[in-house]
Amino acid sequence: MLLGILLALATSVSWAVGNVLIQRAGKTTGAPRAVLWAMTGGGALSALCSWQFDQRVAPFSMTVAVWTLVAAAAGVVAYVCLFFAFAHERLSVAVPLVSSWALVSALLSLTVLHEKVRGMQITGAAVVLLGVLLVSLAGPVEAARDVPVVGRSTRWGIAAALGSGIGFGVMVPAMGQVAPATGEFGASALVYAVGLALAVPLAALARVDLRPPPRAAWPLVLCTGAVETAGFVAVALARRFAPMALVAPVASLASTFTVLYAWLVLRERPRRLASVGALLASAGVIILAL
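The notes below deal with the structure included here. (Residues numbered from 1 in each chain as written. Predicted model: local features only at pLDDT ≥ 70, side-chain atom pairs only at ≥ 80, totals over all residues. Heavy atoms only, no water.)

### A short note on the overall build of the protein chain
Consideration 1: What the protein chain contains, in helices and strands, is twelve helices and two strands.
Consideration 2: From first element to last, N terminus to C terminus, the protein chain shows the α and β order α-α-α-α-α-α-β-α-α-α-α-α-β-α.
Consideration 3: Split into buried and exposed, the 290 residues of the protein chain put 52% on the buried side.
Consideration 4: Of the contacts made within the protein chain by residues no fewer than 6 positions apart, 91% connect residues no fewer than 24 positions apart. (Helix = DSSP H or I, 4+ residues; strand = E, 2+ residues; numbered from the N terminus. Buried < 20%, exposed > 50% of the residue type's maximum accessible area, 1.4 Å probe, protein only. Contact = heavy atoms within 4.5 Å.)

As structure tokens, this is what we get:
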């Protein structure tokens, strides 16, 4: 159980770094191009790692194919909304809303996948989710006096962040159903490939610019894909040792880490409610690890 919690924490750290990179990539190349090429790079890296490291413990069945399609479709929605939200909204506002994916994943795991957890584990997960919720309800953080405030909240940015949370909430447990048949890296590669097959024709019909990013932006885009992939692999590995209903809340701590980054690096001041939420989320992780 402890190893599963530690891997979920690794997911949070990975996705917290990814949040910062995604915001920069979206503003540098435009959200659609950043999504396409980050997923392409991450999928290629996953395929290479799958060939080297993956172990497959179940056959690839029609059920696995259906879960793959579900994960891919949800992933397209999640990433398009994510890049849009980060391009039009501050990290400290958008990220906690995206982290609502943990609640969706936990509910799916308990109802659709019929996972069973102990009372203390449910308590710890609930405390983590409460902490993340308080961070979300705290709203935008206050910028330092000598730092100009940019990217004020917009309805579309907030709606996109919530849409991304729903998309990831479906995508993560769906990928968990694919991983036994493909391996953890293989699940990421396959879901990314199917997601691109779904998204590219729609983008072409909508005449969305999907050209490769400028040469100077390639390192940022590729790093974004690599970090996002690392998070998905870590959360898939965590499911070997703990139920998704417990893994998801801990993996959603990227919001707390991102708020900390906004406070220390971007000099944004978190509201008191956000600080309380961060403390509760940390306490919940400790309860889960007991």
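### Thoughts on the packing of aromatic side chains
Consideration 1: The final tally for this structure, using the stated rule, is nine aromatic pairs.
Consideration 2: Considering the side-chain rings of W15 and F232, the 5.1 Å spacing of their centres and the 70° angle between planes classify their relative orientation as edge-to-face. Of this pair, W15 sits in helix α1 (residues 2-29) while F232 is found in helix α9 (residues 218-238), placing the two residues 217 residues apart along the sequence.
Consideration 3: Note on W15: relative accessible area 8%, which makes it buried.
Consideration 4: Overall, F232 belongs to the buried group, its relative accessible area being 2%.
Consideration 5: Ring plane angle 40° and centroid distance 6.3 Å describe the contact between F168 and F232, whose orientation is recorded as tilted. Separated by 64 residues along the polypeptide, F168 in helix α7 (residues 155-182) and F232 in helix α9 bring together distant segments of the chain. F232 shares its class with F168; the two are buried.
Consideration 6: Grouping aromatic residues by their ring pairs yields a cluster made of W15, Y79, W101, F168, Y192 and F232. (Phe/Tyr/Trp six-rings, centres within 6.5 Å; stacked < 30°, edge-to-face > 60°.)

### What to know about the nonpolar core
Consideration 1: Formed by 59 residues in total, the largest nonpolar core has its most connected members in Y79, F83, F86, W101, F168, M171 and F232.
Consideration 2: Element by element, the count of residues in this core is highest for helix α3 (residues 62-88), at eleven residues. (Core = buried A, V, L, I, M, F, W, Y, C linked by side-chain atoms within 4.5 Å.)

### Quick word on the pattern of salt bridges
Consideration 1: Summed over the entire model, instances satisfying the criterion amount to three salt bridges.
Consideration 2: Put simply, R211 and D209 hold a salt bridge, and the shortest N to O gap is 2.9 Å.
Consideration 3: Among the residues examined, R211 registers a relative accessible area of 53% and is labelled exposed.
Consideration 4: Shared partners join several salt bridges into a network, and the residues in it are R33, D209 and R211. (Salt bridge = Lys/Arg side-chain N within 4 Å of Asp/Glu carboxyl O.)

### Points about helix α8 (residues 184-205)
Consideration 1: Between its first and last C-alpha atoms α8 spans 33 Å; for 22 residues at 1.5 Å apiece the expected length is 32 Å, and the two agree.
Consideration 2: Regarding α8, the residues found buried are E184, F185, G186, A187, S188, A189, V191, Y192, G195, L196 and A203.
Consideration 3: Contact partners of the buried residues in α8: α2 (31-53), α3, α7 and α9.
Consideration 4: Two residues or fewer past α8, R207 is found with a positive phi of approximately 60°. (Expected span 1.5 Å × (residues − 1).)

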